[in-house]
Amino acid sequence: MIAERLEGSWHWIIAVVATPALYWFLDMLGGWTPQMRFLTTAIIADMALGILRSIKQRSLSSSVCRDGIIKKAAYFLVVLLAEQVGQGLGQAHTLRDIFVLGFIIVEALSAFENAVAIDVWIPEGWRDYLRSILAQLNSKKAAPDPDGVATEERLDHYVTRE
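Residues numbered from 1 in each chain as written. Predicted model: local features only at pLDDT ≥ 70, side-chain atom pairs only at ≥ 80, totals over all residues. Heavy atoms only, no water.

Enquirer: I'd like a description of the nonpolar core, backed by residues and values.
Expert: Counting residues in hydrophobic clusters, the biggest one holds eleven residues: L29, M36, L39, I43, Y75, F76, V79, L80, V100, F103 and I104. Residue assignment for this core shows that the elements contributing at least two residues are helix 3 (34-56), helix 4 (62-88) and helix 5 (94-117). With sequence-adjacent residues up to four places away left out, V100 is seen in contact with Q35, M36, L39 and V79. Formed by six residues, the second largest nonpolar core is a distinct cluster that contains L109, L130, I133 and L134. (Core = buried A, V, L, I, M, F, W, Y, C linked by side-chain atoms within 4.5 Å. Buried < 20%, exposed > 50% of the residue type's maximum accessible area, 1.4 Å probe, protein only. Helix = DSSP H or I, 4+ residues; strand = E, 2+ residues; numbered from the N terminus. Contact = heavy atoms within 4.5 Å.)

Below you can see the structure in the form of structure tokens.
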């Protein structure tokens, strides 16, 4: 009997539960600021380019996608913690913005790396800058490149392409 009454009203249940929970979470993050919007945009761009890269390289893996989603969800939990600690210290959004900026840089560099891997042209002025940063990141990851071509070689090829 209860199931019959609730059958057509699932969206109301979601609205009553999800909307206050989302509002609370955003409030705890310090609000939906331009920095948070930029972080979300960088995360979405990196995920989309990462999926396109894995499709092109024929290496799409649900476990790798799951790990990436977990990592990006953890970003928001770290931002939440940083906001709460910052408020406790009387620094408002300062600590949160430092973490958000760091995550934005990481996601933007990852998005650029994925773009290079799927043959997106990069302006020549960015070549040396991206080469040094991506080389440092790849050396820290110590993971072999799936197609056997070093990031530096890909950058040389795609930057000079007309």
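Read on, since the account is not over.
Enquirer: Tell me about the packing of aromatic side chains, and please be specific about residues and values.
Expert: Tallied over the entire structure, the rule returns two aromatic pairs. On the numbers, 4.2 Å between centres and 15 degrees between planes, the contact of Y75 with F103 is stacked. Of this pair, Y75 sits in helix 4 while F103 sits in helix 5; the two residues are 28 residues apart in sequence, bridging distant segments of the chain. Accessibility classification places Y75 together with F103 in one group, the buried group. Ring centres of F99 and F103 lie 6.4 Å apart, and the angle between their planes is 45 degrees; this geometry places the pair in the tilted category. Within this pair, F99 and its partner F103 are both found in helix 5, separated by four residues, close to a single helical turn. Take F99: its relative accessible area is 34%, and that puts it in the partly exposed class. Three or more aromatic residues link up through ring pairs in this structure, and these residues are Y75, F99 and F103. (Phe/Tyr/Trp six-rings, centres within 6.5 Å; stacked < 30°, edge-to-face > 60°.)

Enquirer: Outline the side chain of N114, listing residues and values.
Expert: Inspection of the secondary structure puts N114 in helix 5. Within polar-contact distance, the side chain of N114 engages the side chain of R53 at 3.0 Å. (Polar contact = N/O pair within 3.5 Å; in protein donor to acceptor, adjacent residues only side chain to side chain.)

Enquirer: Would you mind going over the side chain of T33 in detail, with residue names and values included?
Expert: Relative to the helices and strands, T33 is located in the loop between helix 2 (10-28) and helix 3. Polar contacts involving the side chain of T33 include one to the side chain of Q35, which spans 3.1 Å.

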